[in-house]
Amino acid sequence: MWICLVVAPVSVKLWKNRRERKAINRRSIFIFSFGFVASYSMSCVSESSHLNKFLRQRYLSLPQGDFCQVTYVWINGCNLDLYSKTRTMDSEPKVITDLPEWDFSQQGSSAEMLLAPVCMFRDPFLLDPNKLILCEVLKQTREPADLNHRNSCNKVMEKVKDLNPWFGMEQEYTLLGVDGHPYGWPRLGYPKPQGLYHYSVGADRAFGRDIVDCHYKACLYAGIKICGTNAEVMPSQWEFQVGPCEGIEMGDHLWMARFLLHRVCEDFGVVATLDPKPMTGDWNGAGCHINVSTEQMREEGGIEHIEKAIEKLSKRHAEHIRVYDPRGGEDNKRRLTGFRVFSSITDFSVGVANRGASVRIPLRVAQKKCGYFEDRRPAANCDPYAVTCAMARTCLLE
């Protein structure tokens, strides 16, 4: 069990009058028998976040000549965890083919796997000319690893590329202390009920904005197509949006945006969880809504093609639910309850400007008769490759 204390010696000056005693009580400060004052309102942050960042910067600013640090990033494991390791190259890579394949050993296995570079980004942590490289994982036989959904997704996207499919995904996440308790929440009890926090501003309701802003800037620097961010319904819950992206680019950019989120949180000493329902009770879950559009949908009268795509989705509801989280729908059971702004996991629904439906047609789209639709069912921890692949198969191939 983690015990987080902000401590200071007890002084008699704290107790010199009734007014100060009341002020101390309002700040929820307790006196312990060992003579220290501790606040239960502080969140637990990692030890690494207390390291001297100014001293760190002294080394990061050293010249590196023509050498380039290249960090390979990949997805591995049934939980869709992200991993990375860094190597030195003699010069800055200009295109993805300049990068060699690499290898790694899976945890708990002596078998080596291959890392095949697929997408390159600027590194917002080590700065130019250093790079972040998203990789596919391959077996020694050069077949895609069992959980490599990018490979199959890319094949489908090649088949539908003439339709110019655009995707946008809205990634919700929750900030936690390293003890797993929501960042900014009281150590005892709960914050005020939901209703104050969505799109909020203010120290009493927007928890962790520094992290959100730093992540946004890091994505822009890296070249990720991030297009927005906002505070979400539950306190300590936030969202960023990536898109529009065409084809396989959607998964590539969202996965790297997730990597940057975890790295930024690491610097601040907190954790970003993509759990679809991080807190039990009357607190919102977290999703990763997907917006879909083809060239035909974007043209005048495109509402007809939008409605056809939604009709196809209605006939494969159960199949898509199994794809929309990494555990075949088990994670989404905790989120898609049919209450608040969440649709039912068992029933498919559609509505104009209805955020409680499985699929929403935005009001502006209904008015203009063209644009896009939003599938609100994917969980926050979904694999965007699996989601966009299923969407393309159902709506664009059949």
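Parameters and conventions
Residues numbered from 1 in each chain as written. Predicted model: local features only at pLDDT ≥ 70, side-chain atom pairs only at ≥ 80, totals over all residues. Heavy atoms only, no water. Helix = DSSP H or I, 4+ residues; strand = E, 2+ residues; numbered from the N terminus. Expected span 1.5 Å × (residues − 1). Buried < 20%, exposed > 50% of the residue type's maximum accessible area, 1.4 Å probe, protein only. Core = buried A, V, L, I, M, F, W, Y, C linked by side-chain atoms within 4.5 Å. Contact = heavy atoms within 4.5 Å. Phe/Tyr/Trp six-rings, centres within 6.5 Å; stacked < 30°, edge-to-face > 60°. Salt bridge = Lys/Arg side-chain N within 4 Å of Asp/Glu carboxyl O. Polar contact = N/O pair within 3.5 Å; in protein donor to acceptor, adjacent residues only side chain to side chain.

A. Examining helix α11 (residues 384–397) more closely. Here α11 is 14 residues long and its end C-alpha atoms lie 18 Å apart, about the 20 Å a rise of 1.5 Å per residue gives. All of the buried residues along α11 are Pro384, Tyr385, Ala386, Val387, Thr388, Cys389, Ala390, Met391, Ala392, Thr394, Cys395 and Leu396.

B. Layout of the nonpolar core. In terms of nonpolar packing, the biggest core is built from 68 residues, with Tyr173, Leu260, Phe373 and Met391 touching the most fellow members. Ranked by residues supplied to this core, first place goes to helix α5 (residues 249–268) with 10 residues. Among residues more than four places away in sequence, those in contact with Leu260 are Pro124, Phe125, Leu132, His215, Ala218, Cys219, Ala222 and Ile224. Listed in part, the 14 residues of the second largest apolar core include Cys68, Ile133, Cys135 and Val137.

C. Geometry of the packing of aromatic side chains. Evaluation of the coordinates by the stated rule reveals 7 aromatic pairs. Between the aromatic rings of Trp74 and Phe104, the centroid separation amounts to 4.8 Å while the plane-to-plane angle is 35°, which identifies the pairing as tilted. Here Trp74, found in strand β3 (residues 68–76), pairs with Phe104, found in strand β5 (residues 102–105); they are 30 residues apart in sequence, far enough to count as distant. Exposure remark for Phe104: the relative accessible area of 6% places this residue in the buried category. Between Trp185 and Trp283 the ring centres are 4.8 Å apart and the planes differ by 50°, which places this aromatic pair in the tilted class. Remark: Trp283 occurs in the loop between β11 (271–273) and β12 (288–293) and Trp185 occurs in the loop between β8 (166–176) and α4 (209–222); sequence separation between them is 98 residues.

D. View of the pattern of salt bridges. For the structure on display, the rule yields 21 salt bridges. For Lys308, the salt bridge identified is with Glu304, shortest N-O distance 3.4 Å. Of this pair, Lys308 and Glu304 both sit in helix α7 (residues 303–314), 4 residues apart, which is roughly one turn of that helix. Taking the relative accessible area as the measure of exposure, Lys308 reaches 45% and is therefore partly exposed. Across the pair Asp331 and Arg334 runs a salt bridge, and its minimum N-O distance is 3.5 Å. Of the residues examined, Asp331 reaches a relative accessible area of 7% and is grouped as buried. Given a relative accessible area of 35%, Arg334 falls into the partly exposed group. Through salt bridges with shared partners, a single network forms among Asp275, Arg327, Asp331 and Arg334.

E. Molecular detail of helix α3 (residues 149–160). If you check α3, its first and last C-alpha atoms are 17 Å apart, about what 12 residues at 1.5 Å a residue would give, namely 16 Å. Looking at the packing, one finds that the buried side of α3 touches β6 (112–122), β7 (131–138), β8, α5 and α11. For α3, the N-terminal capping position is held by Asn148, with its side-chain oxygen 3.1 Å away from the main-chain nitrogen of Arg150.

Shape descriptors only; they carry no functional weight alone.
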